[in-house]
Amino acid sequence: MRPTTKDLARAAGVSLATVDRVLNERAGVRAETVTAVHEAIARIGFVRNLSAANLARGRVYRFAFLLPVAGDAFLSTLETQIAEAASAFAPEGIQIQKRRGIGGDPHQIARMLAELSPEDLDGVAILAPESPQVRDAMARLQDRGVQVVRFLSGQTSDIGADAVGIDNRAAGATAGRLIGRFCAARPGQILVIADTMNARDSVERRQGFDQVITRDFPGLTALPSLETHGDRQRTLTILHNAYANHPDILGAYVLASEARLPLEAIADTRDPAGQVIVAHERTEFTEALLLNGQLDAVIAQNPGHLVRSAIRVMRARCDGRQPIASQEEIRIEILLQDNLCPRPRW
């Protein structure tokens with residue numbers, strides 16, 4: 001049997017009330033008594049039941065997902081998963097909300113973070129592009145007592161915040177390997193299409209992609225990155241010009257999480273069935289293209305796992321615990337027409 005608080009009080013030679021005050025870090029307990037309780041914890045192997053303790057004192061966790069204003073299919077999928085998680089975690093005293101307020105201006109994002117307070121929130125998962133302003137605002141938010149999780153998009157780790165998402169350099173390398181193999185030693189050029197190359201995840205995916213293509217597939221040339229900035233007309237124009245200027249294009253790597261615009265523009269410009277095309281993230285749109293042969297592979301990360309992992313990490317930090325690294329590791333998934341299993345419906 002695991003030691004109980006009664007066993008701990010007996011081992012420390014104090015009352016149950018004193019044990020409660022020490023465990024909850026309340027004032028009014030002498031330093032030597034605190035030391036005695038902690039020594040007894042180590043001696044008898046006491047592990048606190050945080051769920052029971054939180055239930056007893058009515059503890060509520062208040063978490064928010066801060067998402068971009070602009071977004072399409074993948075962002076919609078994330079919102080669905082956040083809503084499902086909000087229902088699933090509610091019985092555990094966890095309140096979850098989403099706010100779509102992240103714009104493209106780093107100063108606007110920094111101002112948004114500056115308005116957050118520990119009186120309103122215990123933790124936030126932030127999907128925002130990297131910039132010095134955002135990095136510093138996240139660090140200040142943590143200093144104010146709000147737990148911060150870098151969600152999906154890359155932010156440097158020097159602010160001490162946790163990160164949830166796949167290894168983007170490995171994801172880009174995986175795309176390079178797939179395209180290289182699917183091209184079957186044919187020489188030619190590969191389009192690389194991003195929303196913006198100012199995002200760390202885009203840069204890291206491009207680095208991984210280039211490393212594999214350059215090292216292992218010398219007959220292929222990865223063209224300079226094309227940035228769509230989420231604009232439909234711009235996307236059509238730059239892809240039309242790219243195909244016109246490079247007649248030996250064999251395929252394309254869409255490294256942005258929102259793949260709809262570039263994939264639609266590719267189909268409007270040249271027959272996708274005659275190319276090797278790899279994109280990111282499983283959505284209803286990319287599923288349909290996989291099934292009809294307009295897309296060869298999708299590199300995905302499970303959105304439900306992403307959301308649940310961010311919640312567990314924020315809760316662990318609020319409880320003063322270390323997150324379980326193996327549980328929160330987000331794996332890279334490779335989806336093909338042949339292994340695209342239907343989503344479970346409950």
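Just so we're clear, the structure is a prediction, and the values are computed from it rather than from any experiment.

J.: Would you take a moment to explain the environment of V203 for this structure?
T.: You can see V203 is positioned in helix α9 (residues 200-216). For V203, a relative accessible area of 30% translates into the label partly exposed.

J.: Explanation requested: the nonpolar core in the structure shown.
T.: F65, F151 and I311 are the most contacted members of the largest nonpolar core, which has 47 residues in total. Look past the residues within four positions of F65 in its chain and what remains in contact with it is I82, I96, Q97, K98, R99, A125, F151, V307, A310 and I311. Judged by nonpolar contacts, the second largest core, of 25 residues, contains A242, L263, L295 and L340.

J.: Would you mind showing me how to read the packing of helix α11 (residues 260-269) against helix α12 (residues 284-292) here?
T.: Axis angle and axis distance: for two packed helices, these are the angle between their axes and the distance between the axes, and together they describe the pair. At their nearest, the axes of α11 and α12 sit 10 Å apart, and the two run at 35° to each other. Crossing handedness for the pair α11 and α12: left-handed. Counted together, R260, L263 and E264 of α11 and F285, T286 and L289 of α12 form the full contact between these two elements. Across the contact of α11 with α12, the residue classes tally to three nonpolar, one polar and two charged.

J.: Which parts of the structure should I look at to understand unusual backbone geometry?
T.: Among all residues save glycine, negative phi is the norm, and among peptide bonds the norm is trans. Even without a glycine there, the phi angle at H229 is positive, about 55°. Assignment of secondary structure puts H229 in the loop between β8 (226-227) and α10 (232-245).

J.: How do you make sense of the packing of aromatic side chains when you look at a structure like this?
T.: We describe a pair of aromatic rings using the distance from one ring centre to the other and the angle between the two ring planes. Scanning the model with the defined rule gives three aromatic pairs in all. Judged by centre distance (4.8 Å) and plane angle (25°), the ring pair of F209 and Y253 falls under stacked. A residue pair is termed long-range when its members are at least 10 positions apart, and F209 in helix α9 and Y253 in strand β9 (residues 249-254) qualify at 44 residues.

J.: Explain the pairing of β9 to me, please; I cannot follow it from the model alone.
T.: Successive residues of a regular strand alternate their side chains across the two faces of the sheet. Across the six residues that make up β9, a large majority, six, are buried. Sheet analysis places strand β6 (residues 188-194) next to β9, joined by five bridges and oriented parallel. Its bridge partner being in β9, V192 is matched across the sheet by Y253. Pairing of β9 with strand β10 (residues 276-280), which is carried by three bridges, proceeds in the parallel orientation. By the bridge assignment, G251 is partnered in β10 with V276.

Calculation notes
- Residues numbered from 1 in each chain as written.
- Predicted model: local features only at pLDDT ≥ 70, side-chain atom pairs only at ≥ 80, totals over all residues.
- Heavy atoms only, no water.
- Helix = DSSP H or I, 4+ residues; strand = E, 2+ residues; numbered from the N terminus.
- Buried < 20%, exposed > 50% of the residue type's maximum accessible area, 1.4 Å probe, protein only.
- Core = buried A, V, L, I, M, F, W, Y, C linked by side-chain atoms within 4.5 Å.
- Contact = heavy atoms within 4.5 Å.
- Axes fitted to C-alpha atoms, helices over the stretch in contact; angles between N-to-C directions.
- Left-handed = near helix turned anticlockwise from the far one by under 90°.
- Nonpolar A, V, L, I, M, F, W, Y, C, P; charged D, E, K, R; others polar.
- Phe/Tyr/Trp six-rings, centres within 6.5 Å; stacked < 30°, edge-to-face > 60°.
- Pairing = 2+ DSSP bridges.

Remember, this is a structural readout, not a statement about activity or role.
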